[in-house]
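Next come the chains, spelled out residue by residue.
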Amino acid sequence: MQNFIMQIDKLITGENVSLALFFIGVYGIIARRNILKSIISLSIMQASIILFFLSIRHTDQMVPPIGIGLTGEVADPLPQALMITAIVIGVSVTALSLTMFTSLYHKYGSTNWKKVKQKRGDQ
Amino acid sequence: MYWLLAMILAPICTGLLLYVFKLKHRIWIALILQAVLMGWTLVQGVHFEPLQLSLSSVGIPYGMMLNMDRLAWLMLVLNNALFLFMTIFNRDKHYMDPLFIFLFLGLQGLINGIFLAYDLFNTYLLIEVSTVAVSILIMYKRDSRSMYDGMIYLLVNMFAMVFFLMGIGYLYKYFGVLDIASVKTAIGAVEDRQILYLPYAFILTGVSLKAAIMPLFSWLPKAHGTPSAPSIVSAVLSGIYVKTGVYLLIRVHEAFTPLPMNNVFIVMGIITAILGFTFAIAQKDIKLILAYHTISQVGLILIGISSTSATQQAGGLYHLFNHGIFKALLFLIAGLLIETYHTRNITQMHGLWQKSRFLTVILLIAVLSITGAPFFSGGYSKYYIAYGNNGIIMQLIMQFINLGTILSFVKFFKLMPAAKENKTITSTLTDPDTSADTKAVYIPTATNDEDDMPLTLSPGSKITLIALAALAFFSGIAGDIIMPWLTGYESHLNVLNQLQKLPNYLILVVMGFGIYRLGFHESLFIKAFRAVDLGFNAIAATVVIYFMGMLSLLYFVV
């Protein structure tokens, strides 16, 4: 039993979790008709990528790349810099999608992709 | 050197300043800026030398860089030329307010940035931001139909770009570099090809959606053909923005040389081209015909650039340029036609020759270019895409695609002369047996003054239409000069050689009209295509299916 838990523990790395989250997001986008849930799924996928970038090329002993006279192995600062940018983009995209969704809802009165599409076709 | 940075930042900053200060002569300032950028790009072409600009004190694998090689330069020429012409065309339209100019100029800078960026993450960022700008431009007139179109466009593109970013993550995991040259060397040194499969499939899913390759094109007609988008936005989207995907595809394939995907993409190009024109034949909405046609032409470009021969690659690139010009021209004309006839249904438009001879000639040039007539740009580049394909099957496929293109543009030929219904109406009116009721119905349409109004164009619109039409014509008849200048490939297809293609083209035109006459465009097979309209979930599913298909193709076939 102890051995089994150790095995599982090894499996739960940042990389694997991020891949799982990524495909949870993919499922949400394909299978849910709710527009709001589509936007949330997209945010989940973006969050999973941030986790992915931060956990690749990383081991537990690494120290943060801040300050002078660092001892030991220093974490790669590049993915961190990239991901700050990706977070900004992700937030603005989510904000834009929500704004668009609000005006879409005012026009069509539905949060359902299928119903919105039918109403669009009527015009 | 700093010009490269100015290509990206100058339009964005100028747009922002014009938006904040709301100057009176904002359009003139925008025009001068665009003319300067265009002029610099053209001057670079006189003696072309690759330019690079390092953006940080640290050198390339860690720092950032802007890079202009021949391919990027070609795209810059097309991009800046199109944006300049579009601003001239729309100079006195009421919706050219500060916000529109900010978004429009911003988009120009961002697209320039996509072509100049040297590492994949910067490319990702610029694409994301430009997608945001485009989705706002699509729904600029804010009617309810464009809300749905803009929403689908934004979310589908974001969804695909997440795949692209994941691929970049895998590349960084394996190689620790992100700029194109280092990635290329690192990939070249890879011993186990299997580790490339996952990043390749991820990146290609994002890129293919941007380029609207089969089956990932369902979002394109919604975005490019949406009723509310101003025609200059549709023109820019179809003319240059969809080419960013094609450009990235070239870059990605340059980097992933160990994976032999050329033939796969030639086949996909053929299917995309055929599906594109089949959908186009099914449509009656003038903008949707053009939008679906963009898909077909992207397929043709894909056949060219995926080939291993340098001739066909140059042909593909030249077609990319030509398509940008004549498709933008067609979208502008479509916008004018919709304004004139107050309908988007092409079958209800007729008698353009009586309304405006000028526009008819311009439309004729555009249609001849896109259908690949000799002496026009489309015919010239299509010849080089098909060049060296001695196999009978490939030749037949190219002829078939040409025939399909002509077939989908028969409707455009038909709107030029006056409609025949008018004559039948007058004959029924003179017919003594006609009852009074039918007379009462027919008289208003026969004496409608508004229908006979000639079309007036502003000087800016005229200049743009003439310039684009002249480009479309001279890129064909003087292709021996323009194609080597743009693509660096020495082409030889003079006027006499082009004349030999004329019988072939005429036969195809006759066949096209014949098939149209037989009612092919109203057959059940085509009607089935008209009914296809995927929702958001279905489009997202095609993205995942494409990703899975690409992955299994890599593991089991290649």
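Going by the structure above, here's the rest.
Everything quoted here is computed from the prediction, not taken from an experiment.

## As for the pairing of strand β2 (residues 65-68) of chain B
Looking along a regular strand, one sees the side chains alternate between the two faces of the sheet.
All names here are of chain B.
Now for step 1: Residues Met 65 and Asn 67 of β2 are buried on one face, and the alternating residues Leu 66 and Met 68, pointing to the opposite face, are buried as well.
Now for step 2: Note: strand β1 (residues 51-54) against β2, 4 bridges, orientation antiparallel. For Leu 53, the partnering residue across the bridge sits in β2 and is Leu 66.

## Section: the environment of Ile 289 of chain B
Residue and element names in this part refer to chain B.
Now for step 1: Of note, Ile 289 is situated in helix α12 (residues 286-306).
Now for step 2: With relative accessibility at 0%, the residue Ile 289 sits in the buried group.
Now for step 3: As a C-alpha pair, Ile 289 and Gly 150 span 139 residues in sequence and 19 Å in three-dimensional space.
Now for step 4: Those residues in contact with Ile 289, other than ones at most four positions away along the chain, are Ala 280, Gln 283, Lys 284, Ile 346, Ser 408, Lys 411 and Phe 412.

## Points about the side chain of Ser 218 of chain B
Now for step 1: Take Ser 218 of chain B: it is sitting in the loop between α8 (197-211) and α9 (219-224).
Now for step 2: Once you skip the residues sitting within four places of it in the chain, Ser 218 of chain B turns out to touch Leu 534 and Ile 539 of chain B.

## Notes on the interface of chain B and chain A
Now for step 1: With 46 residues of chain B at the contact, the number on the chain A side is 43 residues.
Now for step 2: Taking both partners together, chain B and chain A bury about 4000 Å²; carbon and sulfur atoms supply 77% of that area.
Now for step 3: Its largest share of buried area at the contact with chain A, chain B owes to Tyr 148, Met 151 and Tyr 172 of chain B, together 17% of the area lost on that side.
Now for step 4: In this assembly, chain B and chain A are joined by 1 salt bridge.
Now for step 5: For Lys 173 of chain B, the salt bridge goes to Glu 15 of chain A, with nearest N and O atoms at 2.4 Å.
Now for step 6: The interface formed by chain B and chain A holds 6 residue pairs in polar contact (both at pLDDT 80 or more) in total.
Now for step 7: The set of elements that each furnish at least two residues to the side of chain B that touches chain A consists of α5 (120-138), α6 (144-175) and α25 (536-556) of chain B.
Now for step 8: No other element matches α6 of chain B, which puts 23 residues into the side of chain B that touches chain A.
Now for step 9: Classifying every residue of the side of chain B that touches chain A gives 32 nonpolar, 7 polar and 7 charged.

## With respect to helix α7 (residues 180-188) of chain B
Residues and elements named next belong to chain B.
Now for step 1: Among all positions of α7, only Ile 180, Ser 182, Val 183 and Ile 187 are buried. Looking straight down α7, one finds its buried side chains confined to an arc of 165°; they lie on one side. Pointing more than 90 degrees away from the buried face of α7 are the exposed residues Thr 185 and Gly 188.

## Examining helix α23 (residues 502-517) of chain B
Residues and elements named next belong to chain B.
Now for step 1: Between its terminal C-alpha atoms α23 stretches 22 Å, which fits the 22 Å expected from 16 residues at 1.5 Å a residue.
Now for step 2: Residues of α23 that are buried: Tyr 505, Leu 508, Val 509, Gly 512 and Tyr 516. For α23, the angular spread of buried residues about the axis comes to 100°, placing them on one side. With respect to the buried face of α23, the exposed residues turned more than 90 degrees away are Ile 507, Val 510 and Arg 517.
Now for step 3: Where α23 is buried, its residues touch α15 (357-370) and α17 (392-414).
Now for step 4: Two residues or fewer after α23 comes Gly 519, characterised by a positive phi angle close to 85°.

## What to know about the packing of aromatic side chains
Residues and elements named next belong to chain B.
Now for step 1: Taken as a whole and assessed by the stated rule, the structure comprises 37 aromatic pairs over all chains.
Now for step 2: Look at Phe 100 and Tyr 140: their rings are 5.1 Å apart centre to centre, the planes differ by 70°, and that puts the pair in the edge-to-face class. Residue Phe 100 is located in helix α4 (residues 98-116), and its partner Tyr 140 is located in the loop between α5 and α6; the two are separated by 40 residues in the primary sequence. One exposure class covers both Phe 100 and Tyr 140, and it is buried.

## Comments concerning a nonpolar patch on the surface
All names here are of chain A.
Now for step 1: Judged by side-chain polarity, Met 1, Phe 4, Ile 5, Ile 8, Leu 11, Ile 12, Val 17 and Leu 51 come together as a nonpolar surface patch covering roughly 790 Å² of accessible area.
Now for step 2: The element that contributes the greatest number of residues to the nonpolar patch is helix α1 (residues 2-11), accounting for 4 residues.
Now for step 3: Here Ile 5 lies in helix α1.

## Thoughts on the packing of helix α1 (residues 3-21) of chain B against helix α2 (residues 26-44) of chain B
Residue and element names in this part refer to chain B.
Now for step 1: The interhelical angle for the contact between α1 and α2, taken along N-to-C directions, is 175°, at an axis separation of 11 Å. Relative to α2, α1 is oriented roughly antiparallel. Residues Trp 3, Leu 4, Ala 6, Met 7, Ala 10, Pro 11, Thr 14 and Leu 18 of α1 form the contact with α2, whose participating residues are Arg 26, Ile 29, Ala 30, Leu 33, Val 36, Leu 37, Trp 40 and Thr 41.

Criteria and thresholds
- Residues numbered from 1 in each chain as written.
- Chains lettered and ligands numbered in written order.
- Predicted model: local features only at pLDDT ≥ 70, side-chain atom pairs only at ≥ 80, totals over all residues.
- Heavy atoms only, no water.
- Buried < 20%, exposed > 50% of the residue type's maximum accessible area, 1.4 Å probe, protein only.
- Helix = DSSP H or I, 4+ residues; strand = E, 2+ residues; numbered from the N terminus.
- Pairing = 2+ DSSP bridges.
- Contact = heavy atoms within 4.5 Å.
- Buried area = accessible area lost by both parts, 1.4 Å probe.
- Salt bridge = Lys/Arg side-chain N within 4 Å of Asp/Glu carboxyl O.
- Polar contact = N/O pair within 3.5 Å; in protein donor to acceptor, adjacent residues only side chain to side chain.
- Nonpolar A, V, L, I, M, F, W, Y, C, P; charged D, E, K, R; others polar.
- Arc of directions from axis to C-beta.
- Expected span 1.5 Å × (residues − 1).
- Phe/Tyr/Trp six-rings, centres within 6.5 Å; stacked < 30°, edge-to-face > 60°.
- Patch = residues over 30% accessible without salt bridge, like charges linked within 9 Å, V, L, I, M, F, W, Y side chains within 5 Å.
- Areas by Shrake-Rupley, 256 points an atom, 1.4 Å probe, with all protein chains shown as cover.
- Axes fitted to C-alpha atoms, helices over the stretch in contact; angles between N-to-C directions.
- Parallel < 35°, antiparallel > 145°, perpendicular 65-115°, else oblique.

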